[in-house]
Structure formats: C-alpha cells, structure tokens
Amino acid sequence: MSISHAPPHPSDAAGTAKLPASPALQRLVPASSRRTRLPRWLRRTTGPVALLILWQVLSATGVLAPDVLASPGRIAQVAGDLTADGSLPSAMGISLQRVAGGLILGTVVGTGLALISGLFRIGEDVVDAPVQMLRTVPFVGLIPLFIIWFGIGETPKIAIITLGVTFPLYLNVYAGIRGVDSQLIEAGESLGLTRWGLVRHVVLPGALPGALTGLRYSLGIAWLALVFAEQVNADSGIGFLMVQARDFLRTDVIVVCLIVYAFLGLLADFIVRSLERLLLRWRPTFTGR
C-alpha cells in the first residue's frame, strides 16, 4: 500500500510561507465631514450681512423711502452722533440697571417658588395654583395698576420686569425638578443620602439644564418688558429715546434703539450660553453636524 504525498508548495520549498498581501486600510470619514467647511463665525454672519446688503440696496433704489425706514448708512451715522453726545451710552446704562434689578428679583422669586412647589407636595398644593393663575394675566396690562401702587419712578419699571422674568423661570425650574429620574432618587436613597443630600446631589443638578433654559427665556422676556416699561412715564433709558423719536418721526433713531436692544439681548444670551457650557460639561449632548 503506497501513500502518495502532495507536491510541496513552492513557498514551502523555500522555507518561508508568503501570506497574501492585506489590503490597505482606509480611514472612514463621516459624510457630514466630507463637505467643505467654512469657519463657523463666517457662517453665522452670512445671514445678517446678506440682510444688511439687501436693506441697503432697497434704500439706494428708492424702494424703501427714508421716512419709512432709514438706510443702514444713515442709521450708522445717527448711532455715531448719539454715542458722541453721550445720550446713547447713558440710556444704555440706565436700561441695563433696570434689567439687572428686575432679573435678579425675578430669578430669586421664580426659583424660590419653583423649589417650594417642586420639592414639596404641600408646597405644590399651596403655590402652584396661584402662580398659574397670575401667569395667564398679561403683565403689560398690569402697568397702570403698578403706576397706581408704586408711582411713576423706577419701582414700577423694575416690578414689571420682575413679573415678566418670574413665570418662565418658575415653569422651567419646576419642570426640571419634577423631571429628575426617579431611579436616580432611589439610587441616592440606597447609598444613604439624606433628604438634603438628595436635593443637593441629585435633584438640583438634574434640574439645572431646565433652569438655565428658563433663564435664557426669561432674559428675552426681560428685554420685552423693558420696552413697555420705558415707554410709560419714563424720562431716561433706551425706551425714552424711542418715545422722543416717535414724536419727531425719527425712524433712524428708533431703528438705532431697536438694534441696541437686540445686541444687548444677544450679549446676555451669549453670557448664559457660556454659563451653560461651563456648568453642564458633565452632560453629553448632541451639538449638530
């Protein structure tokens, strides 16, 4: 009986086995990053710059009459004049003081009520219903009543801003507290945390994203309330400049004041967003593609 052997492979004869060449590895690139990327600041300024160019073109061609809406060049000139004589910086300082005062008071009141209502059932039974009733009342309609109560000084202006800030902050903080996962509460209790420990280490950090969202929304309401407050029995501030400009049909001054309102609101929102990134670094979120 003979046993036949297969002929040796040429590579075996040489004493070394040649493995097939592996394909070259290629890096996978997400489809969203294959596009040509522009700097983000350039993309964010594209819309406003395009709107400004369109505005200038419509003004230069006569589509927008000067008595209807002044051109960007005229508005820039008026803004420079108001800055040079000191009226615009003074009005901005006074308006910022009013917003800051109303924002601080509204934050304290809204957050305090939300903590009482969100942390305690009896607090919810006592506090939530009156707050919801007052929330449905337009705060602008309370201006005449505030003037009767507090006079025509700074108090009614700060009070109307406080009222506008309180309710959005209350709703968001309350929703943030009640939106904390119950499993986190159970885990904290199993670790032996006291009631105050649960509030400090579990409930408040969980409610912080909602609170910061409410703060951003409250800032927008604060500037809106300031516009109304400064146009009623005011003798200073950006709203007072707008009232004077309205009496003299100065659309350029009105637009300058509106732009100042917009930039101050944008600056305040930028500060809160920076605070969000600082305080919520522990929370991974989707940032867009």
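If you're wondering where the values come from, they're calculated on a predicted model, not measured in any experiment.

Student: Could you give me a rundown of the overall build of the protein chain, with the residues and numbers involved?
Tutor: In terms of regular secondary structure, the protein chain is built from 11 helices and 0 strands. Mapped from its N terminus to its C terminus, the protein chain presents α and β elements in the order α-α-α-α-α-α-α-α-α-α-α. Sequence separation of 24 or more characterises 70% of the internal contacts of the protein chain that already satisfy a separation of 6 or more. Of the roughly 19000 Å² that the protein chain leaves accessible, carbon and sulfur atoms contribute 67%.

Student: Help me get a handle on the nonpolar core, residues and values and all.
Tutor: In this structure, Ile160, Ile161, Trp223, Ile238 and Val256 are the most contacted members of the largest nonpolar core, which totals 53 residues. Elements that contribute at least two residues to this core include exactly helix H3 (72–84), helix H4 (87–119), helix H5 (121–135), helix H6 (143–150), helix H7 (154–178), helix H9 (195–230), helix H10 (238–247) and helix H11 (251–279). No other element matches H9, which puts 13 residues into this core. Other than its neighbours up to four places away in sequence, Ile238 contacts Ala91, Met92, Ser95, Glu230, Cys257, Val260, Tyr261 and Leu264.

Student: So what's going on with the packing of H10 against H11? Which residues, and what values?
Tutor: At a closest axis distance of 8 Å, the pairing of H10 and H11 adopts a crossing angle of 160 degrees. Between H10 and H11, the interaxial angle falls into the category roughly antiparallel. As for how H10 packs across H11, the hand of that crossing is left-handed. Residues Ile238, Gly239, Leu241, Met242, Ala245 and Arg246 of H10 touch H11, and the partners they reach there are Val253, Ile254, Cys257, Leu258, Val260, Tyr261 and Leu264. In terms of residue class, the contact of H10 with H11 is built from 11 nonpolar, 1 polar and 1 charged.

Student: Before we move on, could you go through the packing of H3 against H4 and cite the residues and values that matter?
Tutor: Where H3 contacts H4, the two axes come as close as 4 Å, and the packing angle between them is 80 degrees. With respect to H4, the element H3 is oriented roughly perpendicular. In this structure, H3 contributes Ala79, Leu82 and Thr83 to the contact, and H4 contributes Ser87, Leu88 and Pro89. Of the residues contributing to the contact of H3 with H4, the split by class is 4 nonpolar, 2 polar and no charged.

Student: Account for the pattern of salt bridges, with residues named and values stated.
Tutor: Enumeration according to the criterion identifies 8 salt bridges in this entry. Residue Arg98 pairs with Glu154 through a salt bridge whose shortest N-O separation is 2.7 Å. Here the residue Arg98 occupies a position in helix H4, and Glu154 occupies one in helix H7, the gap between them amounting to 56 residues. Take Arg98: its relative accessible area is 2%, and that puts it in the buried class. Ionic pairing is found between Asp247 and Arg246, a salt bridge with its closest N-O pair at 3.6 Å. Residue classification places Asp247 among the exposed positions, given a relative accessible area of 52%. Taken together, the salt bridges that share partners define one network made up of Arg74, Arg250 and Asp252.

Reading guide: rules and limits
Residues numbered from 1 in each chain as written. Predicted model: local features only at pLDDT ≥ 70, side-chain atom pairs only at ≥ 80, totals over all residues. Heavy atoms only, no water. Helix = DSSP H or I, 4+ residues; strand = E, 2+ residues; numbered from the N terminus. Contact = heavy atoms within 4.5 Å. Areas by Shrake-Rupley, 256 points an atom, 1.4 Å probe, with all protein chains shown as cover. Core = buried A, V, L, I, M, F, W, Y, C linked by side-chain atoms within 4.5 Å. Buried < 20%, exposed > 50% of the residue type's maximum accessible area, 1.4 Å probe, protein only. Axes fitted to C-alpha atoms, helices over the stretch in contact; angles between N-to-C directions. Parallel < 35°, antiparallel > 145°, perpendicular 65-115°, else oblique. Left-handed = near helix turned anticlockwise from the far one by under 90°. Nonpolar A, V, L, I, M, F, W, Y, C, P; charged D, E, K, R; others polar. Salt bridge = Lys/Arg side-chain N within 4 Å of Asp/Glu carboxyl O.

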